[in-house]
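# Coordinate analysis (summary)
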Amino acid sequence: MAPRDSRRTFAPPESPASPQGRADSGEIDLVAPDLDPRELEAFESELKQTGFRAVVTRVNRYLARPRWWVEVLLLGALYAVYSVIRNSVGEVADQAYRNAYEILRIEDAWHFALERPLNELVHTTSWLANIVALQYATLHFLVTPAVLIWLLFRRKDHYRKVSGTLVLCTGLALFGFYFMPTAPPRLLPGEGFVDVMAQTSSWGWWPESGAPGSDAISNQFAAMPSLHCAWATWCGLVLFFLAKWQWLRILGLIYPFTTYFVVMGSGNHFILDVVAGVALLAIAAAIVYAPTLLRWWRGRSADAPAGAGVPIG
C-alpha cells in the first residue's frame, strides 16, 4: 500500500442545507429574486425615463448658458427663414392697397393720422429729410445686433429671455405680413404722401423705390405691423433697464421715439402700424415672461398673511 501523502487534504462534503459550509469555502451565492414580469417592465421603463430626463436636463443646462457661435448660427438661421417667409407672400398688391386705404380711412375718421403732418414736415425740410432717411436705412440694422451682442457678453443672465422676446415678436409679425399685407403710405397715390427715401436716394445707397434695402430682398407690403418700431422699442427697453451708464439709459429711452418719428415722417408706416408693432412686442414679452410672473405671483400670495386684504388709498 502506498504511503499517504500528508500534503493532500480532502474537504468534507457540503450539505445543501448548510449555508455555513458555502460561506467557509469563500463562495458567494447570488440568487435573483423572483420578479413579476410587469414589475420588471415598469422598472426598465423608469430607468429609460430617468435617462431621458438626464439628457434633457443636460441639454437645457447647455443651452441656458449662451455661446456666441451657437447664437450667431441660430439667429442667422431664424432671420433667413423669416426673410424667406416675409418676402414670399405671393401676389397681394390689390389686397395690400385695400388694407392701406382702410387703415388711413380709420385714422382720418378718428383724426389721429399723425403720419400726414410728419411726412409734410420732413419732406419740406431738406436737412431733416436727410437725417430721417439716414436713420431709417442704418440704425434698424445696426442698433439691434449691437444690443444683442452687448446682452450676450455683458448681461448673460438676462440674454436668453430678453433675446427670446425679440425672436418671438419677429416670428409673430409674420402672421401680420401674411394675413394682412399692407402698402406703406408713400405708395398711396392721391393721398399727398411723399417718399422721402426716394427723395434722398440721389446721395444715399438705397434704391429709388424707397425701400431701406435692395428691392430683391424687400417686401414692399410688410408695413403692418412695424418691426422697425418693435425692434427699436425692444432695444430702448433693454438699454433703459439693464444698462448701468445713465447716458446710455437716456439714449435707450429716446431711440424708440425717434424711430416712430422716422418711420412715419418718411412715409413708410401709419401710426397704427407703429401701435401694432409695440403691442406685438408686449404680447411676446408676456408669453416669454409668463412662467416667471406666475412664480412671482404664487410666491407673493404664499407670503401674504391670511386674511390680509389689498390696501386702498
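What comes next concerns the included structure. The shown structure was predicted, so the numbers you read here are calculated from the model rather than taken from an experiment.

### A look at the overall build of the chain
When you go through the chain residue by residue, the secondary structure sums to 11 helices and 0 strands. Traced from its N-terminal end to its C-terminal end, the chain shows the element sequence α-α-α-α-α-α-α-α-α-α-α. Counting the 313 residues in the chain, one finds 35% classified as buried. Of the contacts formed within the chain by residues at least 6 apart in sequence, a portion of 80% connects residues at least 24 apart.

### Considering the environment of Ala-183
Within the secondary structure layout, Ala-183 lies in the loop between helix H7 (156-179) and helix H8 (196-199). In the structure, Ala-183 is positioned 85 residues away from Arg-98 in sequence and 8.4 Å away in space, judged by C-alpha atoms.

### Notes on unusual backbone geometry
The amide bond that connects Met-224 to the next residue, Pro-225, takes the cis arrangement and shows omega of -5°. Phi at His-111 is positive, roughly 60°, even though this residue is not glycine.

### A look at the packing of helix H6 (residues 126-154) against helix H9 (residues 227-242)
Angle between the axes and distance between the axes: these two values describe a pair of packed helices. One can describe the packing of H6 onto H9 by two numbers: an axis separation of 10 Å at closest approach and a directional angle of 40°. Taken together, the axis directions place H6 and H9 in an arrangement best described as oblique. Relative to H9, the crossing made by H6 is left-handed. Of H9, the residues touching H6 (which contributes Tyr-136, His-140, Val-143, Thr-144, Val-147, Leu-148, Trp-150 and Leu-151) are Leu-227, His-228, Trp-231, Trp-234, Cys-235, Val-238, Leu-239 and Leu-242. Looking at the contact of H6 with H9, its residues break down into 13 nonpolar, 3 polar and no charged.

### With respect to the pattern of salt bridges
Under the defined criterion, the tally for this structure stands at 4 salt bridges. Taking the shortest distance from any N to any O, the salt bridge between Arg-116 and Glu-191 comes out at 2.8 Å. Pair noted here: Arg-116 is in helix H5 (residues 115-123) and Glu-191 is in the loop between H7 and H8, with a separation of 75 residues, a long-range link. The class for Arg-116 is partly exposed, based on a relative accessible area of 27%.

### What to know about the packing of aromatic side chains
Counting across every chain of the model gives 7 aromatic pairs. Measuring from centroid to centroid gives 5.2 Å for Phe-240 and Phe-241, while their planes differ by 85°, and the two rings are edge-to-face. Both rings, one in Trp-296 and one in Trp-297, keep their centres 6.2 Å apart while their planes meet at 50°; by these two values the pair is tilted. Judged by its relative accessible area of 53%, Trp-296 falls in the exposed class. For Trp-297, a relative accessible area of 46% corresponds to the partly exposed category. Feature note: the residues Phe-175, Tyr-178 and Phe-179 constitute an aromatic cluster, connected by ring pairs. Positioned over the ring face of Phe-240 is Arg-249, at 4.7 Å from the centre of the ring.

### A closer look at helix H10 (residues 246-265)
In this model H10 runs 29 Å from its N-terminal to its C-terminal C-alpha over 20 residues, within 8% of the 28 Å that 1.5 Å per residue would give. Approximately 25° is the largest bend angle found in H10, and it occurs at Ile-254, with the proline Pro-256 only one to four residues beyond. Leu-248, Gly-252, Tyr-255, Pro-256, Thr-259, Tyr-260, Val-262, Val-263, Met-264 and Gly-265 are the residues of H10 that are buried. Looking one or two places after H10, you find Gly-267, whose phi comes out positive at around 80°.

### Considerations on a nonpolar patch on the surface
Among the surface-exposed residues, Leu-74, Leu-78 and Val-167 lie close enough to one another that they form a single nonpolar patch of about 210 Å² accessible area. Within the secondary structure, Leu-74 sits in helix H3 (residues 68-86). In this structure Leu-74 comes out as partly exposed when scored by relative accessible area, which is 41%.

### With respect to the packing of H9 against H10
In the contact formed by H9 and H10, the axes pass within 7 Å of each other and the chain directions differ by 170°. One finds that H9 runs roughly antiparallel with respect to H10. Judged by residue contacts, His-228, Cys-229, Ala-232, Thr-233, Cys-235, Gly-236, Leu-239 and Phe-240 of H9 engage Leu-248, Arg-249, Gly-252, Leu-253, Tyr-255, Pro-256, Thr-259, Tyr-260 and Val-263 from H10. By residue class, the composition of the contact of H9 with H10 is 11 nonpolar, 5 polar and 1 charged.

### So, the nonpolar core
Formed by 29 residues in total, the largest nonpolar core has its most connected members in Val-147, Trp-150, Leu-151, Cys-169, Leu-227, Trp-234 and Val-238. Elements with a contribution of two residues or more to this core: H6, H7, H9, H10 and helix H11 (271-303). No other element matches the 9 residues that H9 contributes to this core. Beyond its immediate sequence surroundings of up to four residues, Val-147 is in contact with Trp-234, Cys-235, Val-238 and Leu-239. Ranked by size, the runner-up nonpolar core spans 17 residues in total, among them Tyr-136, Ala-137, Val-262 and Ile-271.

The rules behind each value
Residues numbered from 1 in each chain as written. Predicted model: local features only at pLDDT ≥ 70, side-chain atom pairs only at ≥ 80, totals over all residues. Heavy atoms only, no water. Helix = DSSP H or I, 4+ residues; strand = E, 2+ residues; numbered from the N terminus. Buried < 20%, exposed > 50% of the residue type's maximum accessible area, 1.4 Å probe, protein only. Contact = heavy atoms within 4.5 Å. Axes fitted to C-alpha atoms, helices over the stretch in contact; angles between N-to-C directions. Parallel < 35°, antiparallel > 145°, perpendicular 65-115°, else oblique. Left-handed = near helix turned anticlockwise from the far one by under 90°. Nonpolar A, V, L, I, M, F, W, Y, C, P; charged D, E, K, R; others polar. Salt bridge = Lys/Arg side-chain N within 4 Å of Asp/Glu carboxyl O. Phe/Tyr/Trp six-rings, centres within 6.5 Å; stacked < 30°, edge-to-face > 60°. Lys NZ or Arg CZ within 6 Å of the ring centre and 35° of its normal. Expected span 1.5 Å × (residues − 1). Bend = angle between axes of the 7 residues up to and from the residue. Patch = residues over 30% accessible without salt bridge, like charges linked within 9 Å, V, L, I, M, F, W, Y side chains within 5 Å. Areas by Shrake-Rupley, 256 points an atom, 1.4 Å probe, with all protein chains shown as cover. Core = buried A, V, L, I, M, F, W, Y, C linked by side-chain atoms within 4.5 Å.

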